[in-house]
Amino acid sequence: LLWWWCDALFMAPPVLSELYAADRKISYLDFMDREWWITSGKLYDPVNHLFYRDASYLNKREPNGKPIFWSRGNGWVIAGLARVLSEMPADYPSRGKYVTQFRQMASAIAALQGSDGLWRPGLLDAEAYPLPEVSGSAFYTYALAYGINRGLLDRARYLPVVQKAWAGLLSHVYADGRLGCIQPVGAAPGAYTAASSYVFGVGAYLFAGSEVYKLSAAISKRSAG
């Protein structure tokens, strides 16, 4: 049941969209499309433009009384949107809905960026979390850079967000080459230390780096021209 975990919106739908890209069977996209919007109907908040991690969090609250929107959980989703859009044909009937949701999430996420360029594990109560969270922040950096690179997001608005985020991510690559400040496996915002490092955070960082590299190359080309 894909609607139960927002994490599944990064893991499963991109695989289905890539299967479509491999053999052009529209049934893969149709199945993904049906499950995606079931999930959105269950977990997407149309006011905050963010996803609850799962149905058990619909009525839970942060210390400041606001809903709990987990940074990495929403990172999985917006990164999943980017990966789906990269394979979905321009004429797919519901593509416009994916673009709209991608833009809504991008706007909400950009507005929640911290002064250090990164995002806290609980998006709506930054004061409750002393450290930024690198895995979620890396997924956001990837997705926002992807949106700029593909013309889905306004460059003037989002480029400063991406540049600030990438600088923030680089600040957590330590002298020994380790990437830190990554929350351990979990289901919601939780405690960790700056030394905390996990491979899924490194993977998100590499996704971010791949799109930031393309963005930087495009900027250099414009400057040279």
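Above this text you will find the structure in question.
Residues numbered from 1 in each chain as written. Predicted model: local features only at pLDDT ≥ 70, side-chain atom pairs only at ≥ 80, totals over all residues. Heavy atoms only, no water.

S.K.: Lay out the environment of leucine 159 in plain terms, naming residues and giving numbers.
M.R.: Tracing the sequence through the fold places leucine 159 in helix α6 (residues 155-170). Between the C-alpha atom of leucine 159 and that of leucine 144, which follows or precedes it by 15 residues, the distance is 8.2 Å. The residues contacting leucine 159, other than those within four sequence positions of it, are Ile148, Leu215 and Ile219. (Helix = DSSP H or I, 4+ residues; strand = E, 2+ residues; numbered from the N terminus. Contact = heavy atoms within 4.5 Å.)

S.K.: Account for α6, with residues named and values stated.
M.R.: Since the α-helix advances by 3.6 residues per turn, residues separated by three or four positions end up pointing in the same direction. Here α6 is 16 residues long and its end C-alpha atoms lie 22 Å apart, about the 22 Å a rise of 1.5 Å per residue gives. Within α6, the full set of buried residues consists of Tyr158, Leu159, Val161, Val162, Ala165, Trp166, Gly168 and Leu169. (Expected span 1.5 Å × (residues − 1). Buried < 20%, exposed > 50% of the residue type's maximum accessible area, 1.4 Å probe, protein only.)

S.K.: Requested: an account of the packing of aromatic side chains, with residues and values cited.
M.R.: Aromatic ring pairs are defined here through the distance separating the ring centres and the angle between the ring planes. Enumeration according to the criterion identifies 11 aromatic pairs in this entry. The aromatic ring of tyrosine 57 is capped on one face by lysine 60, whose charged end is 4.1 Å from the ring centroid. Against the face of tryptophan 37 rests lysine 97, its NZ or CZ located 4.3 Å from the ring centre. (Phe/Tyr/Trp six-rings, centres within 6.5 Å; stacked < 30°, edge-to-face > 60°. Lys NZ or Arg CZ within 6 Å of the ring centre and 35° of its normal.)

S.K.: Summarise unusual backbone geometry; cite the residues concerned and give the values.
M.R.: Of note in this structure, arginine 24 is not a glycine but carries a positive phi near 60°. Looking at the secondary structure, you find arginine 24 in the loop between α1 (8-23) and α2 (26-43). Although it is not a glycine, cysteine 181 sits at a positive phi angle of roughly 60°.

S.K.: Please provide a residue-by-residue account of the pattern of salt bridges, values included.
M.R.: By the definition in use, this model includes eight salt bridges. Residue arginine 34 pairs with glutamate 35 through a salt bridge whose shortest N-O separation is 4.0 Å. Taking relative accessible area as the criterion, glutamate 35 reaches 13% and is therefore assigned buried. One salt-bridge network, in which partners are shared between bridges, spans Arg150, Glu211 and Lys214. (Salt bridge = Lys/Arg side-chain N within 4 Å of Asp/Glu carboxyl O.)

S.K.: Kindly report on the side chain of aspartate 54, identifying the contributing residues and their values.
M.R.: On the secondary structure map, aspartate 54 appears in the loop between β2 (50-51) and α3 (71-87). A polar side-chain atom of aspartate 54 sits 2.7 Å from a polar atom in the side chain of arginine 53. (Polar contact = N/O pair within 3.5 Å; in protein donor to acceptor, adjacent residues only side chain to side chain.)

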